[in-house]
Amino acid sequence: MKTMPYSTLITSIEKAIFIITVNRPEKLNALNSQVMTELSEVFKEVETNPEIKAVIITGAGSKAFVAGADISEFVGLSNGEGMDLARRGHEIFFKIENCRKPVVAAVNGFALGGGCELAMACHFRIASDNARFGQPEVNLGLIPGYGGTQRLVQLIGKGRALQLLMTGNMIDAQTAMQYGLVNEVTTQEEVINKAKTILEIIISKAPLAISRCISAANAVFNGTRSGYDIEIEAFGDCFESEDMKEGTTAFLEKRIPVFKGN
Ligand code: COA
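Calculation notes
- Residues numbered from 1 in each chain as written.
- Predicted model: local features only at pLDDT ≥ 70, side-chain atom pairs only at ≥ 80, totals over all residues.
- Heavy atoms only, no water.
- Pairing = 2+ DSSP bridges.
- Helix = DSSP H or I, 4+ residues; strand = E, 2+ residues; numbered from the N terminus.
- Axes fitted to C-alpha atoms, helices over the stretch in contact; angles between N-to-C directions.
- Contact = heavy atoms within 4.5 Å.
- Salt bridge = Lys/Arg side-chain N within 4 Å of Asp/Glu carboxyl O.
- Buried < 20%, exposed > 50% of the residue type's maximum accessible area, 1.4 Å probe, protein only.
- Core = buried A, V, L, I, M, F, W, Y, C linked by side-chain atoms within 4.5 Å.
- Phe/Tyr/Trp six-rings, centres within 6.5 Å; stacked < 30°, edge-to-face > 60°.
- Expected span 1.5 Å × (residues − 1).

Colleague: How should I be thinking about the sheet that holds strand E7 (residues 124-128) in this particular structure?
Modeller: The strands making up a sheet associate through hydrogen bonds between their backbones, and the pairing can be parallel or antiparallel. The 6 strands lie next to each other as E1-E2-E3-E5-E7-E10, forming an open sheet whose pairing is mixed. A strand with exactly one partner marks an edge of an open sheet, and here the two such strands are strand E1 (9-14) and strand E10 (184-186). For this sheet, the mean angle separating the axes of adjacent strands, direction not counted, is 20°. The pairing of E7 with E10 spans 3 bridges and is parallel. Along E10, the bridge assignment pairs Ala127 with Val185.

Below is the structure:
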């Protein structure tokens, strides 16, 4: 399958798993406006291309996943421009968080600032043993602007999050796993394979049920509607799907289900 060309991202697809590699290794894959635009574009492709069943996001090179937003683009911004930058970052990272297909971050090195925020917008994270996580924005007189103050608290709790946010310190992969920020730690060579192995299991399940797991889990943090109500609706919707009929029938007939995604 041919996917769209991007100038700051490398994309490839293998067995329905789409790998997006942020490709600015000379700048430790920092998120400049071009990368952000292309991340937005690539997630349109993810949503619309039926051949893509799951996504891995990683960084080019052996040193960094993403070392942050591109600091050189911050110089001279006004209050309003800063707000616009954050709004746009939120919009793109919400798109990733609310993607109907599973998205995993394969964190292969530094995940700092916007890089940690990008990893946190993914549905879960696998890290290599050289990965480092942090929100060092206070060193620049800033705070995270791409959702980091919210998702870090959601993932590791307020006390640990505030310590990281206020010190700007980095944590290593093992500490990130102990905190619940990453699910597994592997060698750098294995990080993509580990993510693929988990995604292969996920994409063998009913796709609509997977999408509803994502939306119901995201609803925990929806300030306007109860996640329990969203779960009730999503659970009910499952009963209208062919895959639910197939899954339950296959169980009762003691055979492996064949899911079709409808
Ligand atoms: N924005 C722009 N450029 C960045 C960057 C960022 N967030 N992170 C790294 N780079 C660039 C460096 O400026 C350098 O470019 P140069 O070779 O043209 O000078 C290149 O990437 C390599 O980084 P360097 O700092 O030389 O590598 P290092 O191994 O000494 O340090 C880090 C690695 C990650 C500790 C360091 O790059 C760093 O602190 N980066 C910024 C992290 C940050 O504050 N992120 C939050 C931004 S809001």
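Colleague: Teacher, can you tell me more about the sheet that holds strand E9 (residues 170-172) here?
Modeller: Spatial strand order, E4-E6-E8-E9: 4 strands in an open sheet with mixed pairing. One side of each edge strand has no neighbouring strand; the edge strands of this open sheet are strand E4 (64-66) and E9. Across this sheet, the average inter-strand angle for adjacent strands is 20°, counted without regard to direction. Strands E4, strand E6 (110-112) and strand E8 (132-134) of the sheet are contacted by helix H3 (residues 114-121), whose axis makes an angle of about 75° with E4.

Colleague: Explanation requested: the pattern of salt bridges in the structure shown.
Modeller: For side chains of opposite charge, pairing can occur when their charged atoms come near one another. Applying the stated criterion to the full structure yields 12 salt bridges. Between Lys44 and Glu41 there is a salt bridge, with the nearest N and O atoms lying 3.0 Å from each other. Within this pair, Lys44 and its partner Glu41 are both found in helix H1 (residues 33-48), separated by 3 residues, close to a single helical turn. Lys44 sits in the partly exposed class, given a relative accessible area of 42%. Classification of Glu41 as partly exposed rests on a relative accessible area of 30%.

Colleague: Is there a simple way to explain the pairing of E1 in this structure?
Modeller: The side chains of a regular strand alternate, first on one face of the sheet and then on the other. Here E1 runs beside strand E2 (residues 17-22); their pairing, made up of 6 bridges, is antiparallel. Its bridge partner lying in E2, Ile10 is registered against Thr21.

Colleague: I'm lost on the nonpolar core in this one. Help?
Modeller: One broad rule of soluble globular proteins: the nonpolar side chains tend to lie buried together. Ranked by internal contacts, the top residues of the largest apolar core, which has 47 residues, are Leu39, Phe43, Ile57, Phe93 and Phe133. Looking at which element gives the most residues to this core, the answer is H1, with 6 residues. The next biggest cluster of nonpolar side chains, apart from the first, holds 15 residues, and it includes Ala54, Ala106, Val191 and Ala195.

Colleague: Just checking my understanding: could you explain the packing of aromatic side chains for this structure?
Modeller: Aromatic ring pairs are reported here in terms of the distance separating the ring centres and the angle at which the planes meet. According to the stated counting rule, one finds 2 aromatic pairs in the structure shown. Summarising the aromatic geometry, the rings of Phe93 and Tyr146 are spaced 5.5 Å apart at their centres and angled 80° between planes, so their arrangement reads as edge-to-face. Of this pair, Phe93 sits in helix H2 (residues 79-97) while Tyr146 sits in the loop between E8 and helix H4 (148-156), and the two are 53 residues apart along the sequence. Of the residues examined, Tyr146 reaches a relative accessible area of 6% and is grouped as buried. Pairing Phe235 with Phe239 gives two aromatic rings, centres 5.1 Å apart and planes at 70°, and the pair type is edge-to-face.

Colleague: In this structure, what is going on with helix H7 (residues 191-202)? I would like to understand it.
Modeller: Note: α-helices contain 3.6 residues per turn, so residues at a spacing of three or four share the same orientation. Here H7 spans 17 Å end to end across 12 residues, near enough to the 16 Å set by a 1.5 Å rise per residue. Within H7, the full set of buried residues consists of Val191, Ala195, Lys196, Ile198, Leu199 and Ile202.

So, to be careful, I would describe these as geometric facts and stop short of saying anything about function.
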